[in-house]
Amino acid sequence: MFWQQLVNGLTVGSTYSLIAIGYTLIFGVLGIINMAHGQIFIFGSLVGLVLITEADMPLGVAFLAAVVVSAILGLILEYTALRPLRKKNVPHLASLISTIGFAILVEEAMHKLFGADSRAVPVSLGSEMYDLGIVQVRGVDIIILAVSVVLMFVLHFWINRTKMGKAIRATAENNETASILGINTNMVIVTTVVIASALGGVAGCLIGLAYSALIPTMGLNLGFKGLAVLILGGVGSITGAMVCGIILGIAEVFSVAYGDSSYRDAVAFGLIILILLIRPQGLFGRKV
Amino acid sequence: MDLFNPYNLQVITFIVLNGILAISIYITLATGQLSLGHAGFMSIGAYVASILTKQADVPLIFALLLGGLIAGVIALLIGAPTLKLHGLYLAIATLGFGEVVRVIFLNMEITNGALGITGLKSIGSTLYDWLKVTGLTGDSFGLSVLQMKAVLTLLFLLLLFGLVLFLTLRLHRSRIGRAFEAIKADETAAKAMGLPVAYYKMLAFIIGAVLAGFCGGLFAHITTTITPDDFNYHKVVEILSFAVIGGSEIVWGPLFGAFILTTLPEVLRVLAEYKMIMYGAIMVLVMAFRPHGLIGTDTFAKLFDRRRKQAARQAEEGM
Amino acid sequence: MLLELNNVGKSFGGITALRDVTFGVAEGEIVGLIGPNGAGKTTIFNMVTGIFEPSNGHISFAGQPLAGIPPHKITARGIARTFQNIRLFGHLSALENVKVGCHTWTRAGFWASLLKTRRQREEERAVEQKASELLAFVGLSDVADLRADTLPYGQQRRLEIARALATQPKLLLLDEPAAGMIESETKELMELVRKIRDNGTTVLLVEHDMGLVMNLCDKVVCINFGVKIAEGTPDEVQNHPDVIEAYLGKEEEAC
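This structure is a prediction, so every number in the text was calculated from the model and none was measured.

Chemist: Which residues make up the sheet that holds strand β5 (residues 64-65) of chain C, and what values go with them?
Modeler: Residues and elements named next belong to chain C. The strand order across the open sheet built from 4 strands is β2-β1-β4-β5, with neighbouring strands paired in antiparallel fashion. A single partner strand is all that each edge strand has here, and the edge strands are β2 (15-25) and β5. As defined by bridge partners, strand β1 (residues 3-12) adjoins strand β4 (residues 56-61) across 5 bridges and the pair is classed as antiparallel. By the bridge assignment for β4, G9 is matched with N56. Against the sheet, helix α1 (residues 41-48) engages β1, β2 and β4, with an angle of about 110° to β1.

This is the structure:
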């Protein structure tokens, strides 16, 4: 039972990590929290799902479509809600509010396009069970874990080794200095927003596979979880997002298994309030 | 349009209620704090007041006041650690608070979970009962009972709104109001001027919460039914939009926002279905084009200025 | 001594900004704090006003240590300041800005303000009067109702001084008050600072305009690389070899 729950927690948690990385990347370069993140990637994932159910597209195409649509929505966000606010001297919280507005628009668009109801994922992918001695694992869980872990490694490598990754880190460190050093910060920001949203798209697909269903309101819920992970891990810390996503996943699964399932959604925010009390900069955050 | 149509009266009542809510978010924002927990405080006030009137037969007005008070006490408790947090953190922490409160109400027995509390005695009925004691009924004014109740509710709300606005304006023009403004403009400079910044931020946060809680109680006893979902994220967005569209520099901004945003979907029926889209679009557009909101401290000054210039020009022409 | 710094040092994450600085400001003096950019002058201001705690050493004001006292209480004890990069409350009027400064010596709380008690009304009248007087004192009566951020630069500097004076300070810290001013404005400013001193407020100022410092100050302290290199009358400091080197050395680099 314990080990089984741990595996479930890991699976759920790894998707939270992917979501939170999206928040943290954008916070890193822009210093803002993108409140539309959750809605953006659930929209993308729903497009993928509709392609499977309505147009009989193969899974791979649907997956790709989900990621691309999420990325495009990220681009639209950048050009409508973020960039116009960078030009002038706007109040500190303006971008938070404009992303909240964008989130509402995306959520309403989902309701109008896809309806408010839950849509089943008709893929029987990975429903077979594997017996690993102490635990039995669904194939889908293995896929989710594998994809998440591989993506995180790729991202880690990309951020630390490639030219673009270095430009992103430089911009995160100091926007002005980076632009003096000849880094095209606008390009960096666009790239970051696109990558963050695309990662979200992947997370959305994996979650769809895990729960065999997608609902428009999941954007809000999962977005909240990503936010919780962001604060837990320390705003701007990629390592923090990775580790704390897993921690949240495990905490949730155990609170359901050994506690009261109806409080599952409160776990994330309970942890936030706790961490803000004892270590406001987050587990992996630098003290400011 | 029939003015005494109970439905129209209720719409106006909601405009007034949202006006009080707008003041509550304005006061918190007046110190530069973005709280996304107002729906949470509203729900606390709503549930406390409803449980008191329904289960304990507490008189309405005391129940409403207690609802606001308890919301204020909770604000004090969560404010102590969170108000040290800066901008974004406070926003997320208060958003989290609102969600935790909602989940708790969804699961408590006394709040009746997702079904919520129904069958509350409305403000209109309570006031009508009082009126009957004096011997007056709807007939005395040529109105039906339903109309009379709606009229009484509206009058009650208008009275409260007037009182709250009056006190807010008083506060604004006092030592406290100046302290709020100064802190919003520049915390470091405010400290250098001898202002206990933490104390004033806490004060503004608590006043905002008390008012939100009070509005929650009013809301519950106007609709007579509440569920946890009445106070979800969309409510947060709605309250925030008041201040966003109107601006939070002066109290007239959020009031204007509340008026416009509550009236538009009623007047333009088409908009009702797209209410949330309207909120979303407004937030994005206003932030992009006028991030301080539509009404600022200079709005009235400019108006007066123009008038003064006009007067001056006329005087010149006269000569 | 009204203000005393005893072996005060400050380091930020291993980098020493200030080392063992000792000097005092006597009541009724105008003291100038000079030194090249980055010498640590603003750091001293920030420690005296409680924004930073010194890493070592003591600061005392009117005989009382300032350690551990938060900025707003230090202001209440009688130290007020202006900022190098002007920090007015931009969307408030000039008059309102000065009224904010009256916070320390007024008492009206939340309930008194709501109920508009007699005491509160009297206090508000006193505040109104005091603020108007101060605006007149710095020569800004004409612009009392204009938004602070719409005022020209020189007026903003003077408004900051009026706002600081509203706290009724014993000691006024001016951080580069003449920065960006033209000559006639600087002259007016010097007159103003003298008037402030004559009204009983001690002044400690950071300034780069040597003409102003040498003309105005009773005493000058020179800091370079976080260390005090000279202290004395303007003449003494001006002719001190270390001071000449600090400034000339810098100028050579600049050439």
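Picking up where we left off.
Chemist: An account of the pattern of salt bridges is requested, with residue identities and associated values reported.
Modeler: All told, the structure shown has 23 salt bridges over all chains when counted by the stated rule. Across the pair R118 of chain C and E122 of chain C runs a salt bridge, and its minimum N-O distance is 3.7 Å. Separated by 4 residues within a single helix, R118 of chain C and E122 of chain C lie in helix α5 (residues 118-137), roughly one turn from each other. Classification of R118 of chain C as exposed rests on a relative accessible area of 62%. The exposure class of E122 of chain C is partly exposed, given its relative accessible area of 39%. Beyond isolated ion pairs, a larger network of salt bridges with shared partners links E78, R83 and R86 of chain A.

Chemist: Break down the environment of V11 of chain B for me, with residues and values.
Modeler: Residue and element names in this part refer to chain B. Within the element layout of this structure, V11 appears in helix α1 (residues 6-29). You can call V11 buried: its relative accessible area is 13%. Linking V11 and M193, residues 182 residues apart in sequence, is a C-alpha distance of 45 Å.

Chemist: Break down the packing of aromatic side chains for me, citing the residues and quoting the values.
Modeler: Enumeration according to the criterion identifies 14 aromatic pairs over all chains in this entry. When the ring of F2 of chain A is compared with that of W3 of chain A, the centres are 5.3 Å apart and the planes differ by 85°; the resulting orientation is edge-to-face. What makes W3 of chain A partly exposed here is its relative accessible area of 45%. Between the aromatic rings of F41 of chain B and F97 of chain B, the centroid separation amounts to 4.9 Å while the plane-to-plane angle is 35°, which identifies the pairing as tilted. Separated by 56 residues along the polypeptide, F41 of chain B in helix α2 (residues 38-55) and F97 of chain B in helix α4 (residues 87-107) bring together distant segments of the chain. According to the relative accessible area criterion, F41 of chain B is buried, its value standing at 0%. Counting every residue linked through ring pairs, the aromatic cluster contains F2, W3, F254 and Y258 of chain A. Above the face of the F219 of chain B ring, K235 of chain B is positioned so that its terminal group lies 5.3 Å from the ring centre. Geometry around F89 of chain C places R163 of chain C over its ring, the cationic atom sitting 4.6 Å from the centre.

Reading the values: rules and limits
Residues numbered from 1 in each chain as written. Chains lettered and ligands numbered in written order. Predicted model: local features only at pLDDT ≥ 70, side-chain atom pairs only at ≥ 80, totals over all residues. Heavy atoms only, no water. Pairing = 2+ DSSP bridges. Helix = DSSP H or I, 4+ residues; strand = E, 2+ residues; numbered from the N terminus. Contact = heavy atoms within 4.5 Å. Axes fitted to C-alpha atoms, helices over the stretch in contact; angles between N-to-C directions. Salt bridge = Lys/Arg side-chain N within 4 Å of Asp/Glu carboxyl O. Buried < 20%, exposed > 50% of the residue type's maximum accessible area, 1.4 Å probe, protein only. Phe/Tyr/Trp six-rings, centres within 6.5 Å; stacked < 30°, edge-to-face > 60°. Lys NZ or Arg CZ within 6 Å of the ring centre and 35° of its normal.

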